[in-house]
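# Coordinate analysis (summary)
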Amino acid sequence: MVCKVCGEKAQVELRGRGLALCKAHYLDWFVKETERAIRRHRMLTPGERVLVAVSGGKDSLALWDVLHRLGYQAVGLHIQLGIGAYSERSLEVTQAFARERGLELLVVDLREAYGFGVPELAELSGRVACSACGLSKRYILNQVAVEEGFRAVATGHNLDDEAAVLFGNLLNPQEDALARQGPVLPERPGLAARVKPFYRFSEREVLSYTLLRGIRYLHEECPNAKGAKSLLYKEALNRVEAEMPGAKLRFLEGFLERIQPHLQAPGEVPLSQCQRCGYPTTGAVCAFCRMWDAVYRRGKKRRLLPEEAQFHPQATPVRAG
Ligand SMILES: [Zn+2]
Ligand SMILES: [Zn+2]
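The text that follows walks through the structure, step by step, so that each part is easy to find. Quick caveat, the model's predicted, so the values are computed rather than measured.

### As for the overall build of the chain
Helix and strand content of the chain: twelve helices and eleven strands. Relative to a compact globule of 321 residues, whose C-alpha radius of gyration would be 20 Å, the chain shows 20 Å and is just as compact. Summarising its shape, the C-alpha atoms of the chain cover approximately 70 × 45 × 40 Å along the three principal directions. With 321 residues in all, the chain has 50% of them scored as buried. Pairs at least 24 residues apart make up 70% of the contacts formed inside the chain by residues separated by at least 6 positions.

Printed below as a string of structure tokens:
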């Protein structure tokens, strides 16, 4: 198997794409493919300042690397979730990446900002950990983007992630969710745009890039992820992919290009300002503030918080890189 570009021994074979490439040409191809995806969906404008959500995993660090190479002013935001040693190592690896490359990193520590990390938050909110965590990440990411003047936020979601979400939304059909899924969520007042430049790369393709680039990332998965439905969906799709190379990409792109346009576009849900924090919400008080209000009530009842403790929605990021 030889590289399609130079004829040297290939390092990566992309069966789904009928492509094999050597290390140098794979790194090249990967960066150019990202640029193509960004341009095709007008995710970012050249040189734009973009906030990159970085967990310390392979996808988000590779994304930060590629966006920086492509000339975007890519600033990282790491949210310290307080999930034991896993979260500590996530922060360390992210800081090391930023330091070595001289990149700007912002950090929000959930426990410092609001009093509790994900484990206590899950217990006191009555939500499962992943739901409390997901809500916190989405909110904080957007809040920091808006406060720091970023138009757009980029996340490292890859093809496997997106195909799994689509698969899940088809198994439990919800027209709204199906109509909304996509590589770009446009900005609205108080809401930064959300872009996913890696949405056409399989997890394996991103991992190959991360390894060939020599990026140090955190291998370990979040301990809460075990048993998540998304893992089951990924496994099922990967079994199909193994027999039918390219199936995942055809599934997602076919849906986005041919099915989604026929779905009832969800009318712009009217948004109002949260009475607590001022950020957009469909109700009177946003889900994030409601969650923390409940957590503070229960925290006081269990004497984990002093009676006078007050929840402040605003988190100020610390510059750490
Ligand atoms: Zn080559
Ligand atoms: Zn709020």
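Once the structure has been displayed, the description carries forward.
### Examining the pattern of salt bridges
Tallying each qualifying case throughout the model produces 26 salt bridges. Among the ionic pairs, Glu 104 bridges to Arg 319, the shortest N-O distance being 2.8 Å. In this pair, Glu 104 is assigned in the loop between helix H3 (84–101) and strand E5 (105–109) and Arg 319 in strand E11 (residues 318–319), connecting sequence segments 215 residues apart. Arg 200 is the partner of Glu 253 in a salt bridge, and the nearest nitrogen-oxygen pair spans 2.5 Å. Here Arg 200 lies in the loop between strand E8 (193–195) and helix H9 (203–213) and Glu 253 lies in helix H11 (residues 247–259), a separation of 53 residues in the sequence. Put simply, Glu 33, Arg 36, Arg 40, Arg 200, Glu 253 and Glu 257 are held in one network by salt bridges that share partners.

### Quick word on the coordination of the zinc ion (ligand 1)
Binding of the zinc ion (ligand 1) to the protein goes through Cys 3 (SG), Cys 6 (SG), Cys 22 (SG) and His 25 (ND1), at separations of 2.0 to 2.3 Å. Viewed at the metal, the four donor atoms of the zinc ion (ligand 1) are separated by angles of 98 to 115 degrees, and the geometry they form is tetrahedral. Mapped onto the sequence, the donors of the zinc ion (ligand 1) take the spacing C-x2-C-x15-C-x2-H. Taken as a pair, Cys 6 in the segment before strand E1 (12–14) and Cys 22 in the loop between strand E2 (19–21) and helix H1 (23–40) lie far apart in primary sequence, 16 residues in all. Judged by its relative accessible area of 36%, Cys 6 falls in the partly exposed class.

### Examining helix H10 (residues 229–243)
The end-to-end C-alpha distance of H10, which contains 15 residues, comes to 22 Å, matching closely the 21 Å that a straight helix rising 1.5 Å per residue would cover. Among the residues making up H10, those that are buried are Tyr 233, Lys 234, Leu 237 and Glu 241. The arc that holds every buried residue of H10, seen down its axis, measures 100 degrees, which confines them to one face. Among the exposed residues of H10, those oriented more than 90 degrees off its buried face are Leu 232, Glu 235, Arg 239 and Glu 243. Check the buried side of H10 and you find it contacts helix H7 (159–171), H9 and H11.

### Let's talk about the nonpolar core
Tyr 26, Phe 30, Leu 44, Trp 64, Leu 67 and Tyr 209 are the most contacted members of the largest nonpolar core, which totals 51 residues. Counting 47 residues, the second-largest nonpolar core is a separate cluster that includes Ile 79, Leu 106, Ala 122 and Ala 145.

### Quick word on the packing of helix H5 (residues 118–125) against helix H6 (residues 129–147)
Axis separation between H5 and H6 bottoms out at 8 Å; the angle between their running directions is 110 degrees. Put simply, H5 runs roughly perpendicular to H6. Once H5 is placed against H6, the crossing between them reads as right-handed. On H6, the residues that touch Val 118, Leu 121, Ala 122 and Ser 125 of H5 are Ala 129, Ala 132, Cys 133 and Ser 136.

### Considerations on the coordination of the zinc ion (ligand 2)
Surrounding the zinc ion (ligand 2) are the protein donor atoms Cys 274 (SG), Cys 277 (SG), Cys 286 (SG) and Cys 289 (SG), which sit 2.2 to 2.4 Å from the metal. Geometry at the zinc ion (ligand 2) is tetrahedral, judged from its four donor atoms and the angles of 102 to 116 degrees they form at the metal. Ordering the donors of the zinc ion (ligand 2) by residue number gives the pattern C-x2-C-x8-C-x2-C. You can see Cys 274 sitting in the loop between strand E9 (272–273) and strand E10 (280–281) and its partner Cys 286 sitting in the loop between E10 and helix H12 (287–301), a full twelve residues away along the chain.

### Remarks on the environment of Lys 300
Within the secondary structure layout, Lys 300 lies in helix H12. Discounting residues that sit within four places of it in the chain, Lys 300 has contacts with Leu 305, Pro 306, Glu 307 and Ala 309. Separated by 3.2 Å, the side chain of Lys 300 and the backbone oxygen of Glu 307 make a polar contact.

### Thoughts on the packing of aromatic side chains
Applying the stated criterion across every chain yields a total of 20 aromatic pairs. Chaining the aromatic ring pairs together yields one cluster made of Tyr 114, Tyr 139, Tyr 279, Phe 288, Trp 292, Tyr 296 and Phe 311. Note that Arg 49 overlies the ring of Phe 150, its terminal NZ or CZ placed 4.0 Å from the centroid. Here the guanidinium or amino end of Arg 101 rests over the ring plane of Phe 97, the centre of that ring lying 3.8 Å away.

Rules used throughout
- Residues numbered from 1 in each chain as written.
- Chains lettered and ligands numbered in written order.
- Predicted model: local features only at pLDDT ≥ 70, side-chain atom pairs only at ≥ 80, totals over all residues.
- Heavy atoms only, no water.
- Helix = DSSP H or I, 4+ residues; strand = E, 2+ residues; numbered from the N terminus.
- Rg over C-alpha atoms; globule rule 2.2 N^0.38 Å.
- Buried < 20%, exposed > 50% of the residue type's maximum accessible area, 1.4 Å probe, protein only.
- Contact = heavy atoms within 4.5 Å.
- Salt bridge = Lys/Arg side-chain N within 4 Å of Asp/Glu carboxyl O.
- Donors = N, O, S within 2.8 Å, 3.2 Å for Na, K, Ca; no water.
- Tetrahedral: all angles 85-135°; square planar, octahedral: opposite > 155°, others 65-115°.
- Expected span 1.5 Å × (residues − 1).
- Arc of directions from axis to C-beta.
- Core = buried A, V, L, I, M, F, W, Y, C linked by side-chain atoms within 4.5 Å.
- Axes fitted to C-alpha atoms, helices over the stretch in contact; angles between N-to-C directions.
- Parallel < 35°, antiparallel > 145°, perpendicular 65-115°, else oblique.
- Left-handed = near helix turned anticlockwise from the far one by under 90°.
- Polar contact = N/O pair within 3.5 Å; in protein donor to acceptor, adjacent residues only side chain to side chain.
- Phe/Tyr/Trp six-rings, centres within 6.5 Å; stacked < 30°, edge-to-face > 60°.
- Lys NZ or Arg CZ within 6 Å of the ring centre and 35° of its normal.

Purely geometric stuff here, so don't read any function into it on its own.
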